[in-house]
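Here is how the chains run, residue by residue.
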Protein chains: 2
Amino acid sequence: MDISTAAASAKSASLRLAAVGTAEKNRALEAIADALEDNGSDIVAANEQDLENGRESGLAAPLIKRLKFDRKKLFAALDGIRSLVELPDPVGRVLSARELDHGLDLYKVSCPIGLIGVIFESRPDALVQISTLCLKSGNAVLLKGGSEAAHTNRILASTIAQASEASGIPPGWLQLAETRADVDRMLKMDDHIDLLVPRGSNEFVRHIMENSSIPVLGHADGVCHVYVDAQADAGMAVDIAVDGKCQYVAVCNALETLLVHAGVAETFLPAAKAALEERGVQLRGCERTRAIIDAEPATDADWKTEYLDLILSIKVVESLDEAVGHINTHGSGHTDAIVTADAGAAERFMDGVDSGNVFWNCSTRFSDGYRYGLGAEVGISTAKIHARGPVGLEGLVIYKWKLKGTGQIVAPYADGTRSFTHRPLNGR
Amino acid sequence: MDISTAAASAKSASLRLAAVGTAEKNRALEAIADALEDNGSDIVAANEQDLENGRESGLAAPLIKRLKFDRKKLFAALDGIRSLVELPDPVGRVLSARELDHGLDLYKVSCPIGLIGVIFESRPDALVQISTLCLKSGNAVLLKGGSEAAHTNRILASTIAQASEASGIPPGWLQLAETRADVDRMLKMDDHIDLLVPRGSNEFVRHIMENSSIPVLGHADGVCHVYVDAQADAGMAVDIAVDGKCQYVAVCNALETLLVHAGVAETFLPAAKAALEERGVQLRGCERTRAIIDAEPATDADWKTEYLDLILSIKVVESLDEAVGHINTHGSGHTDAIVTADAGAAERFMDGVDSGNVFWNCSTRFSDGYRYGLGAEVGISTAKIHARGPVGLEGLVIYKWKLKGTGQIVAPYADGTRSFTHRPLNGR
């Protein structure tokens, strides 16, 4: 199917899917999990073909690893779908209710967004996860996966579409795009696609963000900071720095830059250096850092770099304000932490840093939908509107205003013969 | 000041403004109202100069009317500011609170968006209203008004900036752009401007939406429908159609297209024609409409046209589904109503119509922030994310996640030696 036809078909299905009830959506999710399990051998075989093609064409080892969709990954995906069934439906929640006048009641009710465009690189598990998140939240989805995973994506998408449609979900709600040209056209489809969710490398996400006027839910960089305040417990600060940098180095909420108040630099930096170098971390410091400990010199480029590697930049600052200014200038609005015993300083830091996640006395690695207890994670957003930080299912819904009257017209309110009561209904 | 410098200055001020407390913002709003009142003579004199220039350059009468900022409009603006003081602060609200583990508490807290770019045509009252809404919600603002109102805008902006800054608001939070080239540059400033709020004609708003990758809060068209269902009370439907079309013809929530179920067309249409033509409304109908009543023939273009005039298009449909399909195809996602005695049909209509405002048995003219009881209206949005329909102050805020720990690192949770409690705090 041509991409325009596919998008129009998905958009049309989205309008019917918006009215499908919770029980029906949950039944469809269970049917999807069962069908994926039943088709397990074919899915794994399709993936083995993609893996073989990938090895033949010389795909790098980390890409092969991401491309892999074996029984273990399949079972993890099935667990994900089955726990999604247990989550409350994000659609149909009454967010506020107000009587405007007797017999004229206004309800603000959550509803699906419409058609979500999902563009991801080679990980096939992303296809399963995001399409079932879209279904649970009543959205249609137009998917474009990496061409390396073409066979796997095709069988996953057709299994999900068939099982859900047999279970009563409006046909056409899930569409698969396959070519690079399709992506370029998707980025311009602001008449059909309501939200883009890109998954992949920083460069990939940045390309999507810069080339579409459709809103994007996601993040490109994660340049995360820990600021060690004048009143920091040095031991706690070392533990938080080591965890942030080393616990999982290749992720967006890993620590990239350490900011150290001049008043604690002499005691903190040698302890931090010992602990970090023990784990193989290479340090890059500003002049003042290098006057206290041995480190490579940091350049201006370091302050904006997401290493995703065992490298850490360090800067000594004179004040909390300087730290906040540095973060707001060089950071990416992802996750930034302060270590301090001073509650007032912590509040100033958390109010002043313009990031989706602002932490006090804990590791930046906590910014994650699972750790936050969101139940399911759509992604982490560094946008400034709609949804920020780890985004659960609520990032895939919006609301509409339902006004239920008994024949009211505006004229008598406009000429003053009637007036509004504006009374909350049911305490909302 | 150059527009880039102005934007950078406002962005920088926005970071400090985010931490300013409610009492301080309210004091500044009162200071602004007092200063505008004190400068009333100079403001009215500046406006008279704009009006004179406008008349000399042959500005059309409706534009002159919008340009006018006399004592009456000034007092209305002052009332608006003083009632804004009474509204609750949208910033700092705890939207959810969850214990992740003992001594590790997560708070989702509302916060300002940052720098709002406001682009409006010739109405100077829009400058006062939107800049004070931004201040109340802790946002900095970069304003570009119509060049016809240059003198009025300058004195209003400088009065507001001086009074608020003297009252302790971070300097630079309000900036005024003046040239058309500035607008083009604002549309590209996605590094500084977080949200655009355009106010003006449909063409103007559409131009802004189509030429910027910055999110836009607003609406271009308002092609609103009333669907008269098979189970409609014909008298109620006539009243709602007349009010929707005639109560105020030049506004976005006015009725433009009437959809009539075939089963009631024979009784409803003659009654509607009589009532509408009595008020001077010209009717344009589909073939089936014209088989029942006299009307001009409607073309395909009519179904997508916002007349903003005493013209109404009418189409006979076979079913509720056809009505919903017509609205989702030709409407603008603004406000659409059903008239019916059948509650099930009403729910199907309200769930199926993909508009920000979906009404049952009342006039489309109710979709308005004041009538909804929002307290202050930022605008009406037809976007599908962030904020939809009439938008109050909450459309100018987003949230950040504050995580308050006591030294926690992720490692023990990742290796399974500790687990999360994920317990709601204070019932939220």
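Read on for an overview of the structure. (Residues numbered from 1 in each chain as written. Chains lettered and ligands numbered in written order. Predicted model: local features only at pLDDT ≥ 70, side-chain atom pairs only at ≥ 80, totals over all residues.)

1. Some details on the overall build of chain A
A tally of regular secondary structure across chain A gives 16 helices and 17 strands. Judged by the C-alpha coordinates and their principal axes, chain A covers about 75 × 70 × 35 Å. Restricting to contacts in chain A with at least 6 residues of sequence separation, those with at least 24 account for 72%. (Helix = DSSP H or I, 4+ residues; strand = E, 2+ residues; numbered from the N terminus. Contact = placed C-beta atoms within 7 Å.)

2. Points about the relation of the copies chain B and chain A
Screw-axis analysis of chain B against chain A gives a translation of 0.0 Å along the axis, an RMSD of 0.0 Å, and a rotation angle of 180°. Overall, the copies show the geometry of a two-fold rotation axis. When C-alpha distances to the rotation axis are compared across chain B, the minimum falls at H386(B), with a value of 2.0 Å. A high fraction, 100%, of the interface residues of chain B reappear at the interface in chain A, so the copies pair face to face through one surface. (Least-squares fit on C-alpha atoms with pLDDT ≥ 70 in both.)

3. Comments concerning the interface of chain B and chain A
Contact residues are listed per partner, giving 60 residues for chain B and 60 residues for chain A. When residues in the side of chain B that touches chain A are grouped by element, the largest group, 11 residues, is from strand 16 (residues 397–408) of chain B. Partitioned by chemical class, the residues of the side of chain B that touches chain A number 28 nonpolar, 18 polar and 14 charged. Judged from the five bridges that link them, strand 16 (residues 397–408) of chain A and strand 13 (residues 357–362) of chain B form a sheet pairing that is parallel. Among the inter-strand pairings, L403(A) is bridged to a residue of strand 13 of chain B, identified as F359(B). (Nonpolar A, V, L, I, M, F, W, Y, C, P; charged D, E, K, R; others polar. Pairing = 2+ DSSP bridges.)

4. Points about the nonpolar core
Ranked by internal contacts, the top residues of the largest apolar core, which has 270 residues, are V228(A), V260(A), V228(B) and V260(B). Once residues within four sequence positions are removed from consideration, V260(B) is found in contact with V228(B), A265(B), F268(B), L269(B), I314(B), V316(B) and V317(B). (Core = buried A, V, L, I, M, F, W, Y, C linked by C-beta atoms within 7 Å. Buried ≥ 20, exposed ≤ 12 C-beta atoms within 10 Å, placed from the backbone.)

5. Some thoughts on the environment of K108(A)
All names here are of chain A. By the secondary structure assignment, K108 is in strand 2 (residues 104–112). Residues K108 and R98, spaced 10 residues apart in sequence, show a C-alpha to C-alpha distance of 8.8 Å. Beyond its immediate stretch of four places on either side in the chain, K108 contacts L95, S96, Y399 and W401.

6. Things to note about the pairing of strand 16 of chain B
Walk down a regular strand and you will see the side chains alternate between the two sheet faces. As paired elements, strand 2 (residues 104–112) of chain B and strand 16 of chain B share eight bridges and run antiparallel to each other. Paired with Y107(B) across the two strands is K402(B), which belongs to strand 16 of chain B.

7. Quick notes on unusual backbone geometry
Most peptide bonds take the trans form, and the phi angle of most residues other than glycine is negative. All names here are of chain B. Phi is positive for L308, which is not a glycine, with a value near 55°. Topologically, L308 is positioned in the loop between strand 10 (296–297) and strand 11 (311–317). The backbone of H422 shows a phi angle near 45°, a positive value even though the residue is not glycine. H422 gets classed as partly exposed once you count the C-beta atoms within 10 Å, which come to 16.

8. Some points on helix 9 (residues 202–210) of chain B
The periodicity of an α-helix, 3.6 residues per turn, causes residues three or four places apart in sequence to face the same way. Residues and elements named next belong to chain B. Listing the buried residues of helix 9 in full gives V205, I208 and M209. Mapping the buried residues of helix 9 onto a view down its axis gives an arc of 100°, with all of them on the same face. Pointing more than 90 degrees away from the buried face of helix 9 are the exposed residues E203 and E210. (Arc of directions from axis to C-beta.)

9. Digging into the packing of helix 2 (residues 22–38) of chain A against helix 7 (residues 150–166) of chain A
All names here are of chain A. Taken N-terminus to C-terminus, the directions of helix 2 and helix 7 make an angle of 135°; their axes are 8 Å apart at the nearest point. Considering the angle they form, helix 2 stands oblique to helix 7. As helix 2 packs across helix 7, the resulting crossing turns out to be right-handed. Here A28, A31, I32, A35 and L36 of helix 2 come into contact with helix 7, specifically with T159, I160, Q162, A163, S164 and A166. A per-class count over the contact of helix 2 with helix 7 returns eight nonpolar, three polar and no charged. (Axes fitted to C-alpha atoms, helices over the stretch in contact; angles between N-to-C directions. Parallel < 35°, antiparallel > 145°, perpendicular 65-115°, else oblique. Left-handed = near helix turned anticlockwise from the far one by under 90°.)

10. Remarks on helix 3 (residues 40–56) of chain B
Residue and element names in this part refer to chain B. With 17 residues, helix 3 extends 24 Å from end C-alpha to end C-alpha; this agrees with the ideal 24 Å at 1.5 Å per step. Taken together, the buried positions of helix 3 are occupied by I43, A46, N47, D50 and L51. The buried residues of helix 3 occupy one face: seen down the axis, they fall within an arc of 145°. For helix 3, the exposed residues set more than 90 degrees away from the buried face come down to S41, D42, Q49, E52, R55 and E56. Where the residues of helix 3 are buried, they touch helix 2 (22–38), helix 4 (61–67), helix 5 (71–86), helix 6 (124–136) and helix 7 (150–166). (Expected span 1.5 Å × (residues − 1).)

11. Quick look at the packing of helix 6 of chain B against helix 7 of chain B
Residues and elements named next belong to chain B. Taken N-terminus to C-terminus, the directions of helix 6 and helix 7 make an angle of 25°; their axes are 9 Å apart at the nearest point. Regarding the angle of helix 6 to helix 7, the classification is roughly parallel. As for the relative orientation of helix 6 and helix 7, their crossing is right-handed in sense. Along its contact with helix 6, which presents P124, L127, V128, S131 and L135, the element helix 7 presents T152, N153, L156, A157, I160 and S164. Of the residues contributing to the contact of helix 6 with helix 7, the split by class is seven nonpolar, four polar and no charged.

12. Section: the sheet that holds strand 4 (residues 140–144) of chain A
All names here are of chain A. Spatially, the four strands line up as an open sheet ordered 5-4-3-6, and their pairing is parallel. Here the strands that pair on one side only, and so sit at the sheet edges, are strand 5 (174–177) and strand 6 (195–199). Each strand of the sheet is rotated relative to its neighbour by a mean of 20°, with strand direction disregarded. In the packing of helix 7 onto the sheet, the strands contacted are strand 4 and strand 5, and the crossing angle to strand 5 comes to about 165°.

13. Regarding the sheet that holds strand 13 (residues 357–362) of chain A
Spatially, the 11 strands line up as an open sheet ordered 10(A)-9(A)-11(A)-8(A)-7(A)-12(A)-13(A)-16(B)-2(B)-1(B)-17(B), and their pairing is mixed. Of all strands in the sheet, those bounded by a partner on one side alone are strand 10 (296–297) of chain A together with strand 17 (423–424) of chain B. Contacts from helix 13 (residues 320–330) of chain A reach strand 7 (224–228), strand 8 (255–261), strand 11 (311–317) and strand 12 (335–339) of chain A within the one sheet, and its direction differs from that of strand 11 of chain A by about 140°. With respect to the sheet, helix 14 (residues 343–352) of chain A is in contact with strand 7, strand 12 and strand 13 of chain A together with strand 16 of chain B, its orientation differing from that of strand 13 of chain A by roughly 155°.

14. What to know about the environment of A6(B)
Residues and elements named next belong to chain B. Mapped onto the elements of the fold, A6 is located in helix 1 (residues 3–17). Judged by local crowding, A6 falls into the buried class, with 20 C-beta atoms found within 10 Å. The spacing of A6 and R423 is 417 residues in sequence and 45 Å in space, taken between C-alpha atoms. When near neighbours in sequence (up to four residues on either side) are disregarded, A6 contacts M1, L142, Q175 and A177.

15. Quick look at the pairing of strand 9 (residues 282–285) of chain B
Residue and element names in this part refer to chain B. As judged from the four bridges shared by strand 9 and strand 11, these two strands associate in the parallel manner. Paired with L283 across the two strands is L312, which belongs to strand 11. Across two bridges, strand 9 lies against strand 10 in parallel orientation. Bridge pairing links G285 to P297 in strand 10.

Structural measurements only, silent on function.
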